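Coordinate inspection notes
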Amino acid sequence: MKLMQTGRIFWQISPLLIFMFLPALAFGFWSALAATLLALLLHELAHVLAGKLLKVNTFKIELMPFGGVSLMESCKPWKMALIAMAGPLCNALIVLCFLPLVKYNPYEWLCVFLQANLVIAIFNLMPAFPLDGGRVLVCMLSPVLGQTFAERICSIFGMLLGLFLAGAGIACVFYLGQINLSLLAVGMFLFLAALRQGKPSPYAALVHENAKKRQIHKKPLKDQRIVMHMDMTAQKAMEKFRKGVYTTVTVVDHDLKFLGTLGEKEILDAVVTLGPQTTLQRALDS
């Protein structure tokens, strides 16, 4: 769900995050809710600031129960690793700076705020995609295995971690007499987030498009030409996009009659303005 837009950054909030916060609102835990949201925002702002310092643009931020997922333009692995570490480091520094205040003045809100920062920092350091630790692991494995294969492996780690947490939440029935809904919800969402990383999205295509714009000024792009039926969706066409390769789609009818040609920009515009399920025929007509 889109929350707001600041400059070129689209801010989104996960529906599950809203669902998890509803009980807090219903039972009046306003202070805990505010403390957690502030910790999440500071975590993501640290990623954005690190990106700006390293001249890497951020396009989308989605706030999730375990932190957030930032979509940034392509950059060198060492830059992405530093940007990924900025979030947990920010949360850890907050804990270290304000911990002495808790010792001498144990304010309830401050304690909850520091606990939220500590949990977000530790959890995001786990080597599972799309957590920050998983992104660092991808940067370490990419030179050896390649970007795509490294992301696939770390996404599997993320799905396994999500299943483990969800299972632990259910297993609490045998030890505590009730299901731990927080563990179950975070585990399920982490599993779905890791699974979703492998699926193309308009934002990911936008990242690759900006990388190609920079590359074309330095060296030629490879190209691929594909033929698709006019009733196929723009989403299906977008799934054919490849990093560093410009895709051209020739649209034909039932009799293989040529109807027109769509480039990556036209297809992406159709996905964003008309929706991912719009047909290539409609994309041609628009």
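Residues numbered from 1 in each chain as written. Predicted model: local features only at pLDDT ≥ 70, side-chain atom pairs only at ≥ 80, totals over all residues. Heavy atoms only, no water.

It is worth spelling out the overall build of the protein at this point. Tallying secondary structure elements over the protein gives 11 helices and 7 strands in all. Of the contacts made within the protein by residues no fewer than 6 positions apart, 58% connect residues no fewer than 24 positions apart. Within the structure as shown, the protein displays about 16000 Å² of accessible surface, and the carbon and sulfur contribution to it stands at 68%. (Helix = DSSP H or I, 4+ residues; strand = E, 2+ residues; numbered from the N terminus. Contact = heavy atoms within 4.5 Å. Areas by Shrake-Rupley, 256 points an atom, 1.4 Å probe, with all protein chains shown as cover.)

The geometry of helix α3 (residues 77–104) relative to helix α5 (residues 132–145) is characterised by a closest axis approach of 9 Å and an angle of 165° between their N-to-C directions. In terms of axis orientation, α3 runs roughly antiparallel to α5. Relative to α5, the crossing made by α3 is left-handed. From α3, Pro77, Met80, Ala81, Ala84, Met85 and Pro88 reach across to α5, where they touch Asp132, Arg135, Val136 and Cys139. (Axes fitted to C-alpha atoms, helices over the stretch in contact; angles between N-to-C directions. Parallel < 35°, antiparallel > 145°, perpendicular 65-115°, else oblique. Left-handed = near helix turned anticlockwise from the far one by under 90°.)

Relative to the elements of secondary structure, Gln224 occurs in strand β5 (residues 222–229). Exposure remark for Gln224: the relative accessible area of 15% places this residue in the buried category. Here the side chain of Gln224 touches Lys240 through a polar contact of 2.6 Å, landing on its backbone oxygen. (Buried < 20%, exposed > 50% of the residue type's maximum accessible area, 1.4 Å probe, protein only. Polar contact = N/O pair within 3.5 Å; in protein donor to acceptor, adjacent residues only side chain to side chain.)

What follows covers unusual backbone geometry. With phi around 60°, Lys55 is a residue other than glycine that occupies positive phi space. Looking at where Lys55 falls in the secondary structure, it is placed in the loop between α2 (30–53) and β3 (58–64). A relative accessible area of 73% means that Lys55 is categorised as exposed. Backbone geometry at Leu256 places phi at a positive 65°, although glycine is not the residue there. Relative to the elements of secondary structure, Leu256 occurs in the loop between β6 (245–252) and β7 (258–263). Its relative accessible area of 65% is what places Leu256 among the exposed residues.

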